[in-house]
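Architecture at a glance
The residues making up each chain are set out below.
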Amino acid sequence: MTTRFTVRSPVTGEPVGDHPVHGPEEVRAAVERARAAARHWAACGWADRRARLLAWKRALARRTEEFASLICAETGKPVRDARAEVLLTLVHLDWAARNARRVLGRRRVPAGPLSVHQRALLAYRPLGVIAVIGPWNYPLYTPMGSIGHALAAGNAVVFKPSELTPGVGELLAESFGEAVPGHAGLLQTVTGRGPTGEALARSGVDKVAFTGSPGTARKVAAVCAERLTPLLAECGGKDAVLVDASADLDEAAEAVVWGAMANAGQTCAGVERVYAVASVHAGLCERIVHRVRALHPGPDPDAAYGPLTLPGQLATVERHIKEALAAGARALHGGPESLRPPYVHPVVLVDVPEDSPAMREETFGPLVAVNAVRDLAEAVARANAGGYALGAAVFTGSRRTGLAVAGRLNSGAVSVNSVLGFAAVPSLPFGGSGESGYGRTHGAEGLRAFAAPLAVTVRRFRPPVDLTSFAGSRRRVERAVELGRRFHARR
Ligand code: NAD
């Protein structure tokens with residue numbers, strides 16, 4: 001008999017749903033169904049897939065309130081944030097559906113001087129069945145960055161949502177089934193905790209797209225290694241904002257506060273560290289504190305953000321605050337008293353030693369550390385010093401400086417004069433390196449992540465010099481090879 005688990009509201013502790021714990025057998029059966037559906041879907045062609053995915057997108061748009069209220073119930077985030085999450089999801093799904101053929105469709109590529117007799121074609125084939133393992137902080141937007149693109153590339157998907165947000169995952173598969181009839185099994189959701197995710201990674205899928213913490217990513221990678229299953233890993237971040245002396249400090253403070261506090265700081269590419277050049281540090285801090293004073297978390301519609309969704313995260317946030325203060329940091333706003341479970345009020349620290357956990361580990365709470373630096377060069381060095389490399393931002397009065405700094409930051413995405421600028425640009429890829437994982441979602445790279453390139457050559461005529469035949473003149477071949485060698489030696 002299938003066991004079940006209960007999801008509780010992080011706000012009230014009341015049950016908000018009850019879901020099956022899928023075991024290895026059920027997971028394997030879902031993957032089998034997906035495999036049959038994938039063959040059918042791959043044969044459909046680009047136009048048909050695009051039409052069906054756009055039909056699904058329209059259905060999701062019409063069901064925004066239903067998704068938003070479920071996201072809100074499971075994560076505790078304000079409903080307006082949940083609506084924005086649905087909108088962002090629609091934007092990326094729309095892009096994937098409309099651009100899959102352009103990015104992945106068969107095209108002619110130059111054959112090069114040695115192969116003038118060949119027509120060279122590049123095509124991309126779907127991989128088959130993709131396992132998507134998702135987190136809870138953006139339970140729709142984040143996994144859909146993989147699900148939408150994997151489907152658009154012609155694959156089937158089995159989705160394992162976080163055990164904190166299984167309802168959103170189930171609603172997603174249900175909405176797909178309704179909007180795209182005749183493709184049973186193409187998008188399925190399996191629910192459960194870590195072992196269900198592990199069973200999915202081990203089930204013989206053709207790729208795993210994982211989003212979550214680096215610790216879990218390592219476990220998933222170890223399971224994937226058993227069968228050489230490819231893995232895309234989107235892990236956390238410790239994003240830094242760099243503020244130059246020429247920056248508009250009001251704009252910078254506004255962006256820092258939103259980037260650090262929105263969604264209670266539970267954003268993989270949220271702002272956790274700020275490096276401001278010394279001449280503007282005090283002015284920036286004053287503006288940040290002024291703004292955070294106006295924010296409060298809570299369940300009411302006016303609240304800036306909701307609770308920490310994962311109760312265990314409170315201990316991490318508390319440790320980061322206390323260890324920073326013990327090491328000499330100063331609290332400009334809030335402190336350990338900001339923890340009022342399930343909420344954490346905004347915390348702003350300054351002079352935080354670079355080796356303290358608040359500067360090195362992902363906090364995933366509404367805590368921002370604002371340190372002074374000599375110049376932008378030092379800011380870049382400090383920003384690059386940690387193990388994470390996901391997103392970053394730079395505020396400066398000079399676009400040229402902004403672009404130069406962007407090029408020096410060890411990060412998968414950089415916003416100049418905004419934070420998280422890339423998140424709503426569907427043509428840009430998203431992902432990081434180091435502790436932030438590997439691979440990309442979104443954009444053309446996000447489509448190619450779920451497709452295998454197929455190189456095709458079609459011989460157009462018999463070449464005068466054929467390198468792949470014993471029949472022609474050996475001397476001609478040798479002469480051609482020598483000519484080619486000389487050409488490349490000079491070029
Ligand atoms: P998590 O690592 O605890 O869990 C992620 C998912 O993995 C869940 O569905 C979980 O059930 C599953 N899982 C757990 N153990 C597993 C195992 N052994 N094998 C397979 N699956 C397993 O992460 P979380 O707490 O759900 O999410 C928060 C983390 O996600 C943060 O670190 C955050 O930064 C990161 N995140 C990253 C991005 C990004 O795109 N880079 C986006 C959102 C969240």
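Residues numbered from 1 in each chain as written. Predicted model: local features only at pLDDT ≥ 70, side-chain atom pairs only at ≥ 80, totals over all residues. Heavy atoms only, no water.

**A closer look at the nonpolar core**
Ranked by size, the top nonpolar core spans 70 residues in total, and within it W56, I147, L172 and V208 carry the most contacts. When residues of this core are assigned to their parent elements, the largest contribution, ten residues, is made by helix α4 (residues 79-104). Those residues in contact with L172 that lie beyond four places of it in its chain are W56, L60, F67, L140, M144, I147, F159 and L187. If you look at the next biggest cluster of nonpolar residues, it comprises 66 residues, including L249, L308, L314 and F395. (Core = buried A, V, L, I, M, F, W, Y, C linked by side-chain atoms within 4.5 Å. Buried < 20%, exposed > 50% of the residue type's maximum accessible area, 1.4 Å probe, protein only. Helix = DSSP H or I, 4+ residues; strand = E, 2+ residues; numbered from the N terminus. Contact = heavy atoms within 4.5 Å.)

**A look at the domain arrangement of the protein chain**
By domain assignment, the protein chain separates into domain 1 (4-235 + 441-452), domain 2 (239-429) and domain 3 (461-490). Each of domain 1 and domain 3 has a C-alpha centre, and these two points are 48 Å apart. (Domains from an automatic or database assignment.)

**With respect to the state of the cysteines**
Applying the stated criterion across every chain, the model contains zero disulfides. In this model C235 remains outside any disulfide bridge; the closest cysteine sulfur is found in C268, 9.8 Å from its own. Accessibility expressed as a relative area gives 5% for C235, which makes it buried. (Disulfide = S-S within 2.5 Å.)

**Some points on the sheet that holds strand β16 (residues 367-373)**
In any sheet, the strands associate via hydrogen bonds between backbone groups, in a parallel or an antiparallel arrangement. Spatially, the seven strands line up as an open sheet ordered β12-β15-β16-β11-β10-β18-β19, and their pairing is mixed. Here the strands that pair on one side only, and so sit at the sheet edges, are β12 (330-333) and β19 (413-416). Mean inter-strand twist for the sheet, computed between neighbouring axes without regard to direction, equals 25°. Pairing of strand β10 (residues 239-243) with strand β18 (residues 391-395), which is carried by four bridges, proceeds in the parallel orientation. Across the sheet, residue A240 finds its bridge partner in β18, namely A392. The sheet strands contacting helix α9 (residues 249-261) are β10, β11 (271-277), β15 (347-350), β16 and β18, and the helix crosses β11 at an angle near 160°. (Pairing = 2+ DSSP bridges. Axes fitted to C-alpha atoms, helices over the stretch in contact; angles between N-to-C directions.)

**A short note on a nonpolar patch on the surface**
On the surface, L114, L467 and V481 cluster together to form a nonpolar patch covering roughly 310 Å² of accessible area. Here L114 is to be found in the loop between β3 (107-109) and β4 (118-126). (Patch = residues over 30% accessible without salt bridge, like charges linked within 9 Å, V, L, I, M, F, W, Y side chains within 5 Å. Areas by Shrake-Rupley, 256 points an atom, 1.4 Å probe, with all protein chains shown as cover. Salt bridge = Lys/Arg side-chain N within 4 Å of Asp/Glu carboxyl O.)

**Brief notes about the pairing of β11**
Among the seven residues in β11, seven count as buried, and that is most of the element. Across five bridges, the pairing between β10 and β11 is parallel. Directly across from L242, in β11, lies its bridge partner Y275. Pairing analysis gives five bridges linking β11 to β16, with the strands arranged parallel. Considered in β16, the bridge of V277 is made with V373.

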